Amino acid sequence: MQLSPRVRSVVTVAGLAGAVLLLGGCSALYPPNAASSQGADIRTLYSIFMVPMIAIFVLVEGLIVWSVLRYRRRKGDDELPVQTHGNNLLEITWTVLPTLLVLVLFFVSWQTLNKVDAEPANPAVTVDVTGFQWQWTFAYPQYNLSYTGIGDQGPVLVLPVDEVIHVRLHSNDVIHSFYVPDFLFKRDVIPGQVNNFDLNLKDAGVTYTGQCAQLCGMGHYQMRFTVQTMTPANFQAWVQAEQAKAKATPAPAAGGQAGPTLQLSASSTTSFDETSLSAPAGQPFTVQLTNKTAGAPHNFSIKDASGKVLFTGLPLAQPGQTVSYSVPALPAGTYTFFCSVHPTNMTGTLTVK
Amino acid sequence: MATTVLAPGATRTYRRSALYEWLTTTDHKKIGILYLTNSFLFFLLAGLLALVIRSELAVPGLQFVNSSTYNQLFTMHGTTMIFLVLMPFLAGLGNYAVPLQIGAADMAFPRINALSFWMLPLGGILMFSGFFFGGAAAEGWTSYSPLAQAKYSGSGTDLWIVALLLIGTSSILGSINFLATIFKLRAPGMTLLRMPVFVWTVMVTSLLILLATPVFTSGVFMLYIDRNFGGAFFDPASGGNPILWQNLFWFFGHPEVYILILPAMGVISEVVPVFSRKPIFGYKAFIFATLLIGGLGFSVWAHHMFTTGAVYLPFFSLTTSLIGVPTGIKFFNWIATMWRGKISFATPMLFAVGFLSTFLVGGLDGAILASPPVDFALHDTYWIVAHIHFVFFGGTMFGVFAAAYYWFPKMFGARLDEGLGKIHFVLMLIGTWVTFFPMHLLGLEGMPRRIADYSPAAGWTDLNTVETIGSFIIAISVLPFMWNVFVTLRGPRDAGDDPWDGYTLEWATTSPPPPYNFDHLPPIRSERPLFDLKYGHGARRALPSASVATTQEGAS
């Protein structure tokens, strides 16, 4: 080789640094271990793709660095290099080999796709996921249970392990995307179209976080939820306890509460139609909330200046419903009222005097 | 004859002010410079938006802007970079270089050329005026329906639509102009297979624009009808189909990706051979690969929709896998061009090598997304943000800066300073990797794109902080470039006609070229007419180096 020692040491150092970076960064270059069998298949596929990708990266960057160092024009060298216009054999090689490579990868990936998208006939649990601006509702139609997220952390989706779970995705308004990073999987939640996928989870007693992956408006970044896994036996016990709890909860008391009635309405998910209310001090009052939003539930809740929640209005007012909330007496002062479903942006001032 | 002996403009007896001249010019070179200047101003603006975005994401919590402003920022950043920076940068380079490179006096339709340009600043101003009318568009540059319907978004979206109608019309007119110029105004002897590779890429790009952009402008027009006149094209609440928007948008949006990269590849294919002192390796294969990318580019659009559940996945997975092949061919051609060359590293070549080493990542991290299951994991995460920025910033923007340093002496008669250029290059290369590479890792960890904030518990803070630092390195790297341009324009115009020992016809005329470009042209017998003139036509077939040296001495 005609390389000067200086250049050779640069090449050696660069090569070593590259190798260290690749090895050190290796675990970071892979997704987390998957919580579902489908996700595990995807992770395996990703690892297969990474082999030729890293090889091509090292080869091509190596060739670039080599050319740059080796074929520099020396000072005072005015001779033209050999004017090579091409080489058929080389060109055919670097056309055919990559074509074969991508075809092989395509077929491997197709096999995984069929496994990931397979939907066995008899799922043990079916979950209806409904996305709306900017929360989720998780419903179990076979158990008559339903949970709508309130607050920052959203709802919890409780699922059994070792059983086939069938998820149906519905949207009430815009496009969302159901995404749990630990599943290595997401699917869009599209209005006017029900998307499905199946899931087999592996480890019980684990909590995974998920969030919306498709931009859906100002609250997109906080459209979060949690998945909690249980053994099948624990899951059945949980279902029965929840069903019992649902029966025990008394129906909301009929209207006609003591004290004045305040009217409040919500036509969107960005703000209440009224941003200030006032109520008498030391006396219970009623808030009648009319939900005029097409896709999302709302409620009426109160927090004080320190952020402590003093009252949470339940049940939620579903689209088109009017719900009366009986609020206990409050001392005089200024409070914030808000919607627990949209706590960041749907707020107003409640003056009690 | 396409050679113009006399410039008719020179016979005018009255003088116009410089400002009037620039506002009314139909000279392709002046319009090209207008395009580039306008794009650079919008580049600074979009860069400022990006800095606010990165500052907001540096640590958890909403420190600088609220989520609704945040959505406007990344929407305007993306739309501006694509429609008002990258596309017009490339159109500007094409405007300046294509007529010169094919030995033409001007573009085929000079007045339409001026019209195409002036629609851009108008569109840009309209789009940005949204900030003063209750908020700019905030649905992302993809503007998915129903989020883009009137009930979920403000009037900024209407301004966005009108601006894009203008910009789209501008592109369509521009592409017709390029095609007419390239097909009708080539100098005698300049056959299609003797055209510089850059002209080929502009030609294929113009075909893509002509076929894809009308679909997009129709789409945004339909969206306008939806929003303002109760149309029901894309809103399921009134019987429309949101997936239809995605199909229309991406039928344009994916060819758009190639519209934004092909001319940059063309620039690299001009710079790498000249600075390696060799011809491009595999000229015909390169042209073939460009045509193949253009053709396949129309059959891959739904890979942006793999997670919608509304796509036949294997077909689009196959076409997307295949489109990696012609890009690979180009990479090997570029490297083989440098191989056994005599490479000098002036700033244009530095940016070209920067393009090769950085764009490679954008090719590979995109190729893996051709697999639908892998896409299920990575779609709409920061992996996608990493990919798009390695392609458009590490690729197209490096190509644009390579072109700026390469053609600046032709445009203004003075070479940009090499020292400042090297500082610019090194900072920008470091900034690009520091900003965009960690985004891959965040994507793998599950950070979705387009979120204004993230939880401190998510474990994404460190990488985000690093990215923010990188983005400021990029911002700082632009300062030496601006200073360079300022200083150079005040200095002597002593670059000469052919400062790089170039191959193509633009280096055969003066710097800057006179109106209508050429007094006379050298004979065109290959894709390197000026090289043939300087070193002899025989030199294109591997002459022994001794005889080449003699030829060269004879020429100089």
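The structure under discussion appears in the preceding block.
Residues numbered from 1 in each chain as written. Chains lettered and ligands numbered in written order. Predicted model: local features only at pLDDT ≥ 70, side-chain atom pairs only at ≥ 80, totals over all residues.

(A) Geometry of the overall build of chain B. Scanning chain B from terminus to terminus reveals 17 helices and zero strands. For chain B, whose C-alpha radius of gyration is 24 Å, the value lies close to the compact-globule estimate of 24 Å for 556 residues. With the C-alpha coordinates aligned to their principal axes, the bounding extent of chain B is approximately 75 × 55 × 45 Å. In chain B, buried positions account for 61% of the 556 residues. (Helix = DSSP H or I, 4+ residues; strand = E, 2+ residues; numbered from the N terminus. Rg over C-alpha atoms; globule rule 2.2 N^0.38 Å. Buried ≥ 20, exposed ≤ 12 C-beta atoms within 10 Å, placed from the backbone.)

(B) A look at the sheet that holds strand S10 (residues 224-230) of chain A. All names here are of chain A. Taken in spatial order, the five strands make up an open sheet running S4-S10-S9-S6-S7, and their pairing is mixed. Strands at the two margins of the open sheet, each flanked by one partner only, are strand S4 (156-160) and strand S7 (185-189). Ignoring which end each strand starts from, the neighbouring axes of this sheet average 25° apart. Across two bridges, strand S6 (residues 176-180) lies against strand S9 (residues 207-212) in antiparallel orientation. (Pairing = 2+ DSSP bridges. Axes fitted to C-alpha atoms, helices over the stretch in contact; angles between N-to-C directions.)

(C) Representation of the environment of Ser 276 of chain B. Residue and element names in this part refer to chain B. Relative to the elements of secondary structure, Ser 276 occurs in helix H7 (residues 242-276). For Ser 276, a count of 26 C-beta atoms within 10 Å puts it in the buried group. Other than its neighbours up to four places away in sequence, Ser 276 contacts Thr 337, Met 338, Gly 341, Lys 342 and Ile 343. (Contact = placed C-beta atoms within 7 Å.)

(D) Inspection of the interface of chain B and chain A at higher detail. Counting residues at the interface gives 75 residues for chain B and 69 residues for chain A. Of all the secondary-structure elements, those providing two or more residues to the side of chain B that touches chain A are helix H3 (67-101), helix H8 (283-296), helix H9 (313-322), helix H10 (324-338), helix H11 (347-367), helix H12 (372-378), helix H14 (418-445) and helix H17 (545-555) of chain B. Looking at the side of chain B that touches chain A, the element that brings in the most residues is H10 of chain B, giving eight residues. Across the side of chain B that touches chain A, the residue classes break down as 44 nonpolar, 20 polar and 11 charged. (Nonpolar A, V, L, I, M, F, W, Y, C, P; charged D, E, K, R; others polar.)

(E) Examining the packing of H11 of chain B against H14 of chain B more closely. Residues and elements named next belong to chain B. Where H11 contacts H14, the two axes come as close as 9 Å, and the packing angle between them is 10°. Comparing their axes, H14 and H11 come out roughly parallel. Contact with H11, carried on its side by Thr 347, Leu 350, Phe 351, Gly 354, Thr 358 and Asp 365, involves Glu 418, Gly 421, Lys 422, Phe 425, Leu 429, Thr 432 and His 440 of H14 and no other residues of that element. Considered class by class, the residues forming the contact of H11 with H14 number four nonpolar, six polar and three charged. (Parallel < 35°, antiparallel > 145°, perpendicular 65-115°, else oblique.)

(F) Highlighting unusual backbone geometry. Following Gln 133 of chain A, the chain continues to Trp 134 of chain A via a peptide bond in cis, the omega torsion being -10°. Note that Trp 134 of chain A resides in the loop between strand S1 (125-132) and strand S2 (135-140). Here Leu 314 of chain A and Pro 315 of chain A are connected by a cis peptide whose omega angle stands at 0°. By the secondary structure assignment, Pro 315 of chain A is in the loop between strand S15 (309-312) and strand S16 (322-327). Of note in the backbone geometry, Arg 277 of chain B takes a positive phi value of approximately 60° without being a glycine. Along the polypeptide, Arg 277 of chain B turns up in the loop between H7 and H8. Residue Arg 277 of chain B is classed as buried on the basis of its 22 C-beta neighbours within 10 Å. Although it is not a glycine, Asp 501 of chain B sits at a positive phi angle of roughly 60°.

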